[in-house]
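# Observations on the model geometry
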Amino acid sequence: MAHIHKEFLIDNSPENVWEALREVGAVHQRLVPGFVTDTRMEADTRIVTFANGVVVHELIVDIDDAARRVAYAVVGGSMAPKHHHASMQVLADTEGRSRFVWTIDVTPDELAFPIGEMAEQGARIMRETLKATSVPTGR
């Protein structure tokens, strides 16, 4: 099983970053605009459309307000791994910043490179989108 780990600082408070992350149906507006072009919810499944044409169906496993953590698993779509589980967590860092931790486990191993590349691009866009003092709302 391949393991992908992204960890980075965001120049914004954990409260603001968590507010954006926990709104799981607005990824295309709150976290990675342009990289994700559409997000819609069907019950507990999030359907995410990426700018490169990839569409994934992600089961939202948990939204934990106390831990500021969202867990999800890819369960269908155009990139259908045998197994995929991921979590994103917002931690407090120094000087009012946030530490963002994104962990992905996936099989088969051949998907590690394309998913890792997408995670790297997503992480860059998230840092840029969330660095402002206030995060735009999707409402």
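The following paragraphs examine the structure supplied in this document. The structure presented is a predicted model; accordingly, all values stated were derived computationally and were not measured.

### A closer look at the overall build of the chain
Of the regular secondary structure elements, the chain holds 3 helices and 7 strands. Relative to the 2.2 N^0.38 estimate, which gives 14 Å for 139 residues, the radius of gyration of the chain is 14 Å and therefore close to what a compact globule would have. Counting only residues that meet the buried cut, the chain has 46% of its 139 residues in that class. Relative to all contacts within the chain whose residues are 6 or more apart in sequence, the contacts with residues 24 or more apart total 51%. Total accessible area on the chain stands at roughly 6800 Å², and carbon and sulfur atoms take up 51% of it.

### Considering the sheet that holds strand β5 (residues 69-77)
In spatial order, the strands read β1-β7-β6-β5-β4-β3-β2; together these 7 strands make up an open sheet with antiparallel pairing. Looking at strand neighbours, the two that pair on one side only are β1 (2-10) and β2 (36-42), the edges of this open sheet. For this sheet, the mean angle separating the axes of adjacent strands, direction not counted, is 20 degrees. This element, helix α1 (residues 14-22), spans β1, β4 (55-64), β5, β6 (83-92) and β7 (98-107) of the sheet and lies at about 155 degrees to β6. Its contacts with the sheet put helix α3 (residues 112-130) on β1, β3 (45-50), β6 and β7, and the angle it makes with β1 is roughly 10 degrees.

### Comments concerning the side chain of T107
As for its position among the elements, T107 is in strand β7. Excluding anything up to four places from it in sequence, T107 contacts M1, P81, K82 and H83.

### Observations concerning the pairing of β4
For a regular strand, side-chain orientation follows a simple rule: the groups alternate between the two sheet faces. Bridge analysis of β3 against β4 gives 5 bridges, and the strand direction is antiparallel. When the sheet's bridge partners are listed, V48 is paired in β4 with V56. In this structure, the hairpin formed by β3 and β4 is closed by a connection of 4 residues, where G53 is found at a positive phi of approximately 95 degrees. Bridging between β4 and β5 involves 8 bridges; their strand directions are antiparallel. Paired with L59 across the bridge in β5 is A73. Counting the residues in the hairpin turn of β4 and β5 gives 4 residues, including R68, whose phi is positive at 55 degrees.

### Description of the nonpolar core
Generally speaking, soluble globular proteins have nonpolar side chains that are buried together. One finds L21, L31, F50, F100, W102 and M126 to be the most contacted residues of the largest nonpolar core, which totals 37 residues. Listed by contribution, the elements that provide at least two residues to this core are β1, α1, β3, β4, β5, β6, β7 and α3. Top element by residues in this core is α3. It accounts for 6 residues.

### Points about the environment of H3
Within the secondary structure, H3 sits in strand β1. Taking C-alpha positions, H3 is 22 Å from L31, a pair spaced 28 residues apart along the chain. Non-local contacts of H3, meaning those with residues more than four positions away in its chain, are made with T103, I104 and D105. At a separation of 2.7 Å, a polar atom in the side chain of H3 contacts the side chain of D105.

Definitions and limits used
- Residues numbered from 1 in each chain as written.
- Predicted model: local features only at pLDDT ≥ 70, side-chain atom pairs only at ≥ 80, totals over all residues.
- Heavy atoms only, no water.
- Helix = DSSP H or I, 4+ residues; strand = E, 2+ residues; numbered from the N terminus.
- Rg over C-alpha atoms; globule rule 2.2 N^0.38 Å.
- Buried < 20%, exposed > 50% of the residue type's maximum accessible area, 1.4 Å probe, protein only.
- Contact = heavy atoms within 4.5 Å.
- Areas by Shrake-Rupley, 256 points an atom, 1.4 Å probe, with all protein chains shown as cover.
- Pairing = 2+ DSSP bridges.
- Axes fitted to C-alpha atoms, helices over the stretch in contact; angles between N-to-C directions.
- Core = buried A, V, L, I, M, F, W, Y, C linked by side-chain atoms within 4.5 Å.
- Polar contact = N/O pair within 3.5 Å; in protein donor to acceptor, adjacent residues only side chain to side chain.

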